[in-house]
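In case you want the letters, here they are:
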Amino acid sequence: MLPAALEEARRGGARVLVLSPHLDDAVLSCAGLLSGLTDTTISVLTLFTDCSPGPHTRAARSFLRQCAHPDAATLFAARRAEDLDVVARLDARAEHAGHTDALFRRRAVPEAVGRVLPELAHRYPTYRFDIARGRVSRGDRALRRALADDLASRAPDVDLLLAPLGVGRHVDHLITRDLGPTWPGRVVYYSDFPYSLTHAPDAAFVRREGLRPHQLDERPGVKESLVRGYRTQVDALFPGGDVPRAPETYWSA
Ligand SMILES: [Zn+2]
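Thresholds, definitions, all that
- Residues numbered from 1 in each chain as written.
- Predicted model: local features only at pLDDT ≥ 70, side-chain atom pairs only at ≥ 80, totals over all residues.
- Heavy atoms only, no water.
- Salt bridge = Lys/Arg side-chain N within 4 Å of Asp/Glu carboxyl O.
- Core = buried A, V, L, I, M, F, W, Y, C linked by side-chain atoms within 4.5 Å.
- Buried < 20%, exposed > 50% of the residue type's maximum accessible area, 1.4 Å probe, protein only.
- Helix = DSSP H or I, 4+ residues; strand = E, 2+ residues; numbered from the N terminus.
- Contact = heavy atoms within 4.5 Å.
- Donors = N, O, S within 2.8 Å, 3.2 Å for Na, K, Ca; no water.
- Phe/Tyr/Trp six-rings, centres within 6.5 Å; stacked < 30°, edge-to-face > 60°.
- Lys NZ or Arg CZ within 6 Å of the ring centre and 35° of its normal.
- Pairing = 2+ DSSP bridges.

Trainee: Looking at this model, I keep getting lost on the pattern of salt bridges. Mind explaining?
Mentor: Charged atoms that come close allow side chains of opposite charge to pair. Enumeration according to the criterion identifies 20 salt bridges in this entry. Three or more residues joined by partner-sharing salt bridges are found here, namely Arg-144, Arg-169, Arg-177, Asp-178 and Asp-202.

Below, the structure written as structure tokens:
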């Protein structure tokens, strides 16, 4: 059984805001649910939709290679266009908040330093030891405040907020998740796919928020076709070529 807030949304008439850390996460994790909502106003608000000019870190260069896109600015422009197309196919509205992806987030150092060693000029110098460790940098505190303020201003127009649970502990996913507890209205969390195939949810957060899981196994074919609309990402996300079929998991108090 689904949480009451989702069942209500499925009966129609609700205004649903879906927070997506990156340009693909909401669809990867929630396409089955969202494609089944009719007579519902859905907005997909993606937070980290931009990059910064080089020189890039090794981690960022490796990501650009995986996406077969040598230039970050054109890659992100292509990703935003893909997202507008895919989200429109869900009869939803895509919004791009324009914040910089963790791989490209810079910190203030003299320019010459960043030219010699780009890692020193970035808030998260590596993927493995920084971004994927789930330790949000103190340097991101102002960003977190700005995100919370922006979100609070939307509360009067939203009946239900969907936020990622942050499975996999990518810092951008955790920053997005942490907006959930600041939300004055109803919030349901979603397990971050495909990270949910290999990582466990954060037990401390689940306990603190009193969350229980609910599975939804619907429209896997629709999800695959939508996910394939993220052409720059799909090969890097699913190197074997298959988009694995798995139920979606939603968490509510
Ligand atoms: Zn993501």
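Trainee: Quick question: what am I supposed to make of the nonpolar core here?
Mentor: Counting 34 residues, the largest nonpolar core has Leu-6, Val-16, Val-18, Val-27, Leu-34, Leu-162 and Tyr-250 as its most contacted members. Among the secondary structure elements, those contributing two or more residues to this core are helix 1 (4-10), strand 1 (15-20), helix 2 (25-35), strand 2 (41-50), helix 4 (72-89), strand 4 (160-164), strand 5 (186-190) and helix 9 (220-227). In terms of residue count, the dominant contributor to this core is helix 2 (7 residues). For Leu-34, the contacting residues outside a window of four places in its chain are Val-18, Ile-42, Leu-90 and Leu-162. One finds Leu-47, Leu-147, Ala-163 and Leu-179 within the second-largest nonpolar core, a separate group that totals 22 residues.

Trainee: Help me understand unusual backbone geometry, please; the structure alone is not making it clear to me.
Mentor: Note on backbone geometry: most residues besides glycine have negative phi, and most peptide bonds are trans. The amide bond that connects Gly-54 to the next residue, Pro-55, takes the cis arrangement and shows omega of 0°. A cis amide bond, omega 5°, links Phe-193 with the succeeding residue Pro-194. With a phi close to 55°, Asp-91 is a non-glycine residue in the positive phi region. With respect to the helices and strands, the residue Asp-91 is situated in the loop between helix 4 and strand 3 (93-100). A relative accessible area of 68% places Asp-91 in the exposed class.

Trainee: What am I meant to see in the coordination of the zinc ion here?
Mentor: For the zinc ion, every protein donor is listed as His-22 (ND1), Asp-25 (OD), Asp-25 (OD) and His-173 (NE2), and the spread of their distances is 2.1 to 2.7 Å. Here the donor residues for the zinc ion map to a single chain with the spacing H-x2-D-x147-H. Here the residue His-22 occupies a position in the loop between strand 1 and helix 2, and His-173 occupies one in helix 7 (residues 171-177), the gap between them amounting to 151 residues.

Trainee: Hey, could you run me through the packing of aromatic side chains in this one?
Mentor: Aromatic ring pairs: the centre-centre distance and the angle between the two ring planes describe each pair. On inspection of all chains with the given rule, the structure shows 3 aromatic pairs. Ring geometry for Tyr-189 versus Phe-205: centroids 5.3 Å apart, planes at 85°, classification edge-to-face. Of the two residues, Tyr-189 sits in strand 5 while Phe-205 sits in helix 8 (residues 203-209), which places them 16 residues apart along the sequence. Taken individually, Tyr-189 and Phe-205 each receive the classification buried, so the pair is uniform in this respect. Here Phe-193 and Phe-238 contribute two aromatic rings whose centre-to-centre distance is 6.2 Å and whose plane-to-plane angle is 35°, an arrangement assigned as tilted. One end of the pair, Phe-193, is in the loop between strand 5 and helix 8; the other, Phe-238, is in the loop between helix 10 (231-237) and strand 7 (248-252), and 45 residues separate them in sequence. Judged on exposure class, the residue Phe-193 and its partner Phe-238 are both buried. The residue whose ring lies beneath Arg-79 is Phe-76, and the NZ or CZ to ring-centre distance is 5.2 Å.

Trainee: How do you make sense of the pairing of strand 7 when you look at a structure like this?
Mentor: Side-chain direction in a regular strand flips from residue to residue, so the side chains alternate between the two faces of the sheet. Counted residue by residue, strand 7 has 5 buried out of 5 residues, so it is predominantly covered. Residues Glu-248, Tyr-250 and Ser-252 point to one face of strand 7 and Thr-249 and Trp-251 to the other, with burial holding for every one of them. The pairing of strand 5 with strand 7 spans 2 bridges and is antiparallel. If you follow Tyr-190 over to strand 7, its bridge partner there is Tyr-250. As paired elements, strand 6 (residues 212-216) and strand 7 share 5 bridges and run antiparallel to each other. Counted as the bridge partner of Arg-212 is Ser-252 from strand 7.

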